[in-house]
Amino acid sequence: MTAFLRTALFTLLLLVPMAAHAQQAKFDDKAKAEIERIIHDYLVENPEVLVKAFEELERRHDDAKLAQTRAALAEHAKALYSDPGDYVAGNPEGDVTIVEFFDYRCGYCKRSFQPLMDFVKKDGNVRLVLKEFPILGPASLEAAKAAMAARKQGRYMEMHSALYTHKGDLDSAAIDAIAKKAGLDVAKMRKDMEDPAFADQVSRNYALAQALGIDGTPAFIAGGAVFPGMADEDRLEQMVANARGG
């Protein structure tokens, strides 16, 4: 039983006797007690009634949550899919867009990286929007700015891949070494990292994530739905199939 169902059950068990009191106020205490006993005995002897009721409550709760998410995605569609500060990988003209909110120091993001890249390449018709979402501390923010600075040298994906495949944690020395290995001019990268546009970009991504209810990484968006957590090939195939109406 989910947390939602447990809460609903607890609430219902509290409300049943209260409702009996409210609806049967004209009866004397003996009559009220008998009504409550009948209701109690019926629910105990027929628990499937409660199960069906709670399943319906949960379905309605999920439907309402999905509708709320879809409305938020539609409201923020321009910021989500068309922010010029985001790097677009895959097929820019693809029939499906996947948006990823990620942090270079996130273990689940690292584990999702290669399956995601392989899937996008294999499919050939996916537009991948990469949202820098450094939420794991100053080192994450530094790595995000380094990747964005790499874009000025035309080597964003090289830096993106190198940061993800790096073994060990990230600090300034590690980021510089990764950048050098990825073919960047490290001095230029460090200078470009001070561009206030990068801090603004990250701030916009924070605000967007908050508006969409995203508070962890990775988080993927496809076909008007949010998919939090790690993604493997099967999950990516499901996301895209749903987005394509399959």
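In case you missed it, the structure is sitting above this.
So, how was this worked out
Residues numbered from 1 in each chain as written. Predicted model: local features only at pLDDT ≥ 70, side-chain atom pairs only at ≥ 80, totals over all residues. Heavy atoms only, no water. Helix = DSSP H or I, 4+ residues; strand = E, 2+ residues; numbered from the N terminus. Buried < 20%, exposed > 50% of the residue type's maximum accessible area, 1.4 Å probe, protein only. Contact = heavy atoms within 4.5 Å. Areas by Shrake-Rupley, 256 points an atom, 1.4 Å probe, with all protein chains shown as cover. Polar contact = N/O pair within 3.5 Å; in protein donor to acceptor, adjacent residues only side chain to side chain. 1 Å grid on protein atoms, 1.4 Å probe; cavity = no way out; pocket = protein on both sides within 12 Å on 5 of 7 lines; lining within 4 Å. Points joined across faces, edges and corners; volume = space filled by probe spheres on them. Pairing = 2+ DSSP bridges. Axes fitted to C-alpha atoms, helices over the stretch in contact; angles between N-to-C directions. Parallel < 35°, antiparallel > 145°, perpendicular 65-115°, else oblique. Nonpolar A, V, L, I, M, F, W, Y, C, P; charged D, E, K, R; others polar.

1. Focus: the overall build of the protein
Line of reasoning, step 1. Secondary structure assignment for the protein yields eleven helices and five strands.
Line of reasoning, step 2. Looking at the 246 residues of the protein, the share that counts as buried comes to 37%.
Line of reasoning, step 3. By sequence separation, contacts in the protein at least 24 residues apart represent 74% of the contacts at least 6 residues apart.
Line of reasoning, step 4. Here the protein displays about 13700 Å² of accessible surface, and carbon together with sulfur accounts for 56% of that area.

2. Thoughts on the side chain of glutamine 201
Line of reasoning, step 1. Mapped onto the elements of the fold, glutamine 201 is located in helix 10 (residues 196-212).
Line of reasoning, step 2. A polar atom in the side chain of glutamine 201 sits 2.3 Å from the side chain of arginine 204.

3. Let's talk about empty space enclosed by the protein
It is the rolling of a water-molecule-sized probe over the atoms that shows where space remains empty.
Line of reasoning, step 1. Evaluated as defined, the whole model comprises one cavity of 30 Å³ or more.
Line of reasoning, step 2. Of the voids in this model, the largest cavity is the one considered here, and its volume is about 40 Å³.
Line of reasoning, step 3. In this structure, the largest cavity is lined by Gly85, Asp86, Tyr87, Leu130, Glu132, Met148, Arg151, Tyr156, Gln201 and Asn205.
Line of reasoning, step 4. For the lining of the largest cavity, the secondary-structure elements that each account for two or more residues are strand 3 (126-132), helix 6 (138-151) and helix 10.

4. Topic: the pairing of strand 4 (residues 219-222)
Line of reasoning, step 1. Side-chain alternation along strand 4 places Ala219 and Ile221 on one buried face and Phe220 and Ala222 on a second face that is also buried.
Line of reasoning, step 2. As paired elements, strand 2 (residues 96-102) and strand 4 share four bridges and run antiparallel to each other. Looking across to strand 4, one finds that glutamate 100 is bridged to phenylalanine 220.
Line of reasoning, step 3. Pairing geometry for strand 4 and strand 5 (residues 225-228), over four bridges, is antiparallel.

5. Section: the packing of helix 6 against helix 7 (residues 156-165)
Line of reasoning, step 1. Look at helix 6 against helix 7: their axes get within 7 Å of each other, and the N-to-C directions meet at 155°. Put simply, helix 6 runs roughly antiparallel to helix 7. Of helix 7, the residues touching helix 6 (which contributes Ala143, Ala146, Ala147, Met148, Ala150 and Arg151) are Tyr156, Met159 and Leu163.
Line of reasoning, step 2. Residues that form the contact of helix 6 with helix 7 fall into these classes: eight nonpolar, no polar and one charged.

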